[in-house]
Every structure is written in C-alpha cells, then in structure tokens.
Amino acid sequence: MLRELRIEDFALIDRLAIALGPGFTAFTGETGAGKSIIIDALNAALGERMGADAIRDGADSAYVEGAFDLSASEHILAAVREAGLESNDATVTLSRTIAPGRSTYRLNGQTRSLAALRAISAGLADIHGQHEHQTLIHEENHLRFLDTYGGPEHLELVEKYRSAYAELSEARRALERLVMDERTRAQRLDLLRFQVQEIEEAGLAPDEEERLAAERERLMHTEKLRGGVGEAYAALEGEMDEEGGALHALQGASETVTELAEIDAELAPSAQGLREAAYQAEEASRALREYAEALEADPQRLEQIEARLNSIAGLKRKYGDSVRDILEYLDEAAAELEALEGAQQSAEELEGRIGQLAQVAGQAAQELSAARRELADRLAGHVEKELRPLGMDRARFEVQIEADADEAGLPDDQGRRWAADATGIDRVRFMLSANLGEPLRPLAKVASGGELSRLMLVFKSICARGAEIPTIVFDEIDVNIGGHTAHTVAEKLVAVSKYAQVLCVTHLPQIARMADRQIKVEKTVQDGRTVVRATELSETERVQELARMLGDKEAATAARQHAEEMLREASTVRERIRALA
C-alpha cells in the first residue's frame, strides 16, 4: 500500500507530507481546495507525463515521492529485487524531480530511467480519474478490461503472446531496414536524429496547448472580464443601492419564509429552496470577488504565451495535428532511430526467422483468444450481478469478441490467417442494455454518465483481487450519483478495500462516512501566497466535516447530530461488508 506521499513545490503545494494506512481513506474538502492536485502528484510519482507547468511559481523544480509498503505484495517485491534494488524492509520509494525540460526518476534513491520506474509503478497503483469512466466508451479499452479481469494466470497468456508478437514485429522491421540502400538509411538516420532532438528540446506537455490558449483568451480580455464580473458582483451585493442587492433580498426572503414555515408546514419546501438559493448566491458572490481580485493584465506573460503557441504550431505543421500526436510521433521516431542504428542481421536470415516467429505468435494468439472467449462469459455474468445493487437491476451486459481474416495475418492450426496486432487477434466490444426490453447496444450509444461511473466502479471492484494492484484511487467517482446509489457505491468501496488500499476523493457525506479515515484538504494563505494543506481528521473533526458536507448551515445542530449518527452506523456496516466480501 501507499504508506506516505511527499510533495514539494508542486502546483499550489509548497510542502506536504501525507501519511496513509490500509483500508479506505476519503479525501474531502471544498471544491477547488486541491484534492485533485494531490492525485496529480501521485500520478507524477508513478511516471505519468508531467510538464514544467506543474512546478510551483517561483520554484526551480518540483519534487514528489511515494513510499509503498510491499510486505503483502510479494510479486511486486520480487520485481523490485529483480531490478537490482535493495529493499530490506519490504518498502519501495518512487521519487521524481521535475525541472524545466527534464525529469529525474529514482527508485529507492537510485537514479533510474522512466521505463524502469514505470515497470515497477504499473503494479503499485490504479488511478481512476474524474473523467476516466469515459474510457469505457472507447472500445479500444475494452480488451484491457477483459484481460485485467482474468487475473495473473490469464495475464501470463497475454504476456506470452505480446512477447512473441513483439519479437515477430521487430524481425519484420529489421528486414525492412536491411532492404534500404545505405544512402537512404543514412538520410533517414539524420532526419530522425534531428526530429527527435527538436521535439525533446521543446519539452511539450499533452494538454499544454489547450491551457495556454485558455490563459491567452483570459489575458486578452482582462478589462472586459473585470468590468463584467464587477457589475455582477455589484448586482448581488447592492453596492450602489442603499436597500442592498439580490443577495440581501434573497436572504431576507429566506428568513421571512422560514419563520412562516413554522406556522404553515406547506411553506417548508419554499423556505428550503430560498435558503439554498441564498447560499448559492453568497457562494457566487464570494467567487466573483476572489476572481476579480486575482485578475491582472500581464502583457509580458501574453507575449510569452504567444511565442510558445507559435512554437507549438510550428511543430504541429511538421509532426501532427495536436501535441499528443507530436508526442506519439516522438515515441515512434525514437524507436525507429534505435532500430536503424542497431540493425545488423542479413535479410536472408531474417526471412527464415520471420516464418518461424509467425508460427509461434499464431499459436500464442489462438491460446489467448480461446481463453478470452471463456473469460467473456464469466465477466458478463459477474458485471450483471454487481450492477443490480447499484440501481441497474434490469441491466444486461455482454462481451462480444470478433476476429478478422487477413491473408497477411497470423496463421492458426487450420491454415487460416487472422489480422493481428500487439494485443492479439481479438476485437472486444462491451454491449449493454440498461433497461428491460431494450436491445444490447455499444456502451457509447446507451450508457449515461452515471451508468458509466457505476460500471467503472464494478470493473474496479471485481478486478481488485485479480489484478493484484495494492492501491486503488478513485478521484471523484461520486459525479452524477446520489441518494441510495451513493450508499451502495460507498459499500462497494469498502468491499474493495478488503483486498486493496482504497483512496477516494469525494464530495458526498454518504461515501466519506464509510471511510476508515478521512483527510481534509483545504487552501490557506501563508506569507501572502495560497498553499494547500491536508489534515487527517479526528472523530470530532470528522463530525464537523460531515456536517459541512451535509450542507444545511441553517440547521447546524441537526447536521452535527446526523453526522454523529452516520459515523456510528458506518463502523458496524464496514465490519459486516468486509466479513461478507
């Protein structure tokens, strides 16, 4: 499990150390408090792409470090030792220093490559981000979910095929390189070296262009934004009107109707609606004020952004339609460059070897395909069973598997050939009927955002043991759910936490109350700058935080009593769920 996360000069975080434990931990706090920044920092420690914009303003570099206890994960500990790393106390520490243009990666204090770090980190944590449920829509991801469900034994078949196909693909590429004449080969090498150097020196981040464009738009319209926001704030606060603005009027109406509701209960819904409207107006007013105070014209920054966007545009004209396309081209060019520099085998030898490798890969593909078809039936039944308590009791789920004939593909034992890639010969598609009487259709055509979130939780829960991932992170999985479904999601998270450490960012008290521990994340001002703080809450503090999350400021005492009751019940419910899981 993740035992400790240390973060320095990352985004809004100056210095933060978070101690964690087993079971279910909930991260709560106001919207925008910095909860997702903490998850981003963990992602960075695990080796995800991260640009220099992650560095806190004024700092030369950012530092993130995750210490994982592997005492209950012998298979990962074995991989750590095979990598030549000492781990006397069954701990592995991943750290990363992010500086403009480059990152330095360390495993247990030893400098290692990004590839080496990712080889270890891939088995340490599984992070479900705020929008990751959208990956269920994309059919190219369905095969990965199916294979993960199969667990370690099935993944051995996946790796056996992947290794065979990679060897075959490399032999084919080597043959193509060898048939080039030497002049063409030299020209290609020069071009690839230039392209790789040009892209690497640019230091691109995947979402950099979108963020810069948004910042440019804001800087170009600073005065218009300041004026409009000022007008809206004045209308709410009534700064030019002695009788007050819209906020004052809403608060007055709320107080009046609340008093009248004590006389006639039929006014209670109206009183509640007015309280909520006044609260929302107050929140909007504060947000507008803070926005206006932070808004500044910065011509120098605007010039920097324009120059950077022009540089990116120049790279796009050469290498792709987006920054992600450019980074993908970089990976492809670097791989081709490495292969061209190392190719030495003769074409004749390679042709014979390619025939042998195709037979080996074809046999491995057939074994893997048969295993997947058997696995598909089991997964479909399991998903349907797990969806029932999540408000989808009439849902039907099916895993479709197809293969395409291809004369140039991999052979099977009957002489047929099938189209193949690094994942095998199978095309996998998840089909869903969310309502009784509806036909099975692709997820993208039938599933709502809430249904996709619940499906993702199901996949995470049923793969927790099979994938042997010791830490599972859910970043705001509660989007688009509430009520009874939120209680069920909370119980599902508790069940998952029996087999893995669960970290969950949430805004729902129904979910937070079920956690073994709760960490509150909040922004504060220190030495004139905004910083993020994270504090593990005591039982009393949890009551206060849950009462805040319940959201009824007008009935604070009742909210605290409700929060106390929620926590008392949660302990018993957790024990019952884990006993049955």
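See the structure above.
Below is a summary of the structure that appears in this document. (Residues numbered from 1 in each chain as written. Predicted model: local features only at pLDDT ≥ 70, side-chain atom pairs only at ≥ 80, totals over all residues. Heavy atoms only, no water.)

1. Re the sheet that holds strand β5 (residues 91-99)
Within a sheet, adjacent strands bond to each other through the backbone by hydrogen bonds, running parallel or antiparallel.
Move 1: Judged by pairing direction, the sheet is antiparallel, and its six strands sit side by side in the order β2-β1-β4-β5-β6-β7 without closing on themselves. The sheet is open, and its two edges are formed by β2 (13-19) and β7 (110-112), each paired on a single side. The sheet shows a mean angle of 15° between the axes of neighbouring strands, direction not considered.
Move 2: In this structure, strand β1 (residues 2-10) lies alongside strand β4 (residues 62-69), joined through six bridges in antiparallel fashion. (Pairing = 2+ DSSP bridges. Helix = DSSP H or I, 4+ residues; strand = E, 2+ residues; numbered from the N terminus. Axes fitted to C-alpha atoms, helices over the stretch in contact; angles between N-to-C directions.)

2. Section: helix α7 (residues 208-220)
Move 1: A rise of 1.5 Å per residue sets the reference length of α7, with its 13 residues, at 18 Å; its end C-alpha atoms lie 18 Å apart and thus fit the reference within 8%.
Move 2: Three or more residues of α7 are buried, namely E208, E209, L212, E215 and L219. For α7, the angular spread of buried residues about the axis comes to 130°, placing them on one side. (Expected span 1.5 Å × (residues − 1). Buried < 20%, exposed > 50% of the residue type's maximum accessible area, 1.4 Å probe, protein only. Arc of directions from axis to C-beta.)

3. Brief notes about the sheet that holds strand β16 (residues 517-526)
Move 1: Strand order in the open sheet made by the six strands is β8-β14-β15-β3-β16-β17, with mixed pairing throughout. Taken across any chain shown, the strands that pair with only one partner, and hence form the sheet edges, are β8 (125-128) and β17 (529-536). Strand-to-strand twist across the sheet, computed as the mean angle between neighbouring axes with direction ignored, equals 20°.
Move 2: Sheet analysis places β16 next to β17, joined by eight bridges and oriented antiparallel. When the bridges of β17 are listed, I519 appears paired with E536.

4. Describing the pairing of β2
Move 1: Across six bridges, the pairing between β1 and β2 is antiparallel. Counterpart to E8 in the pairing with β2 is R15.
Move 2: The loop that links β1 with its antiparallel partner β2 comprises two residues; one of these, A11, has a positive phi angle of about 55°.

Taken by themselves, the reported measurements are silent on function.
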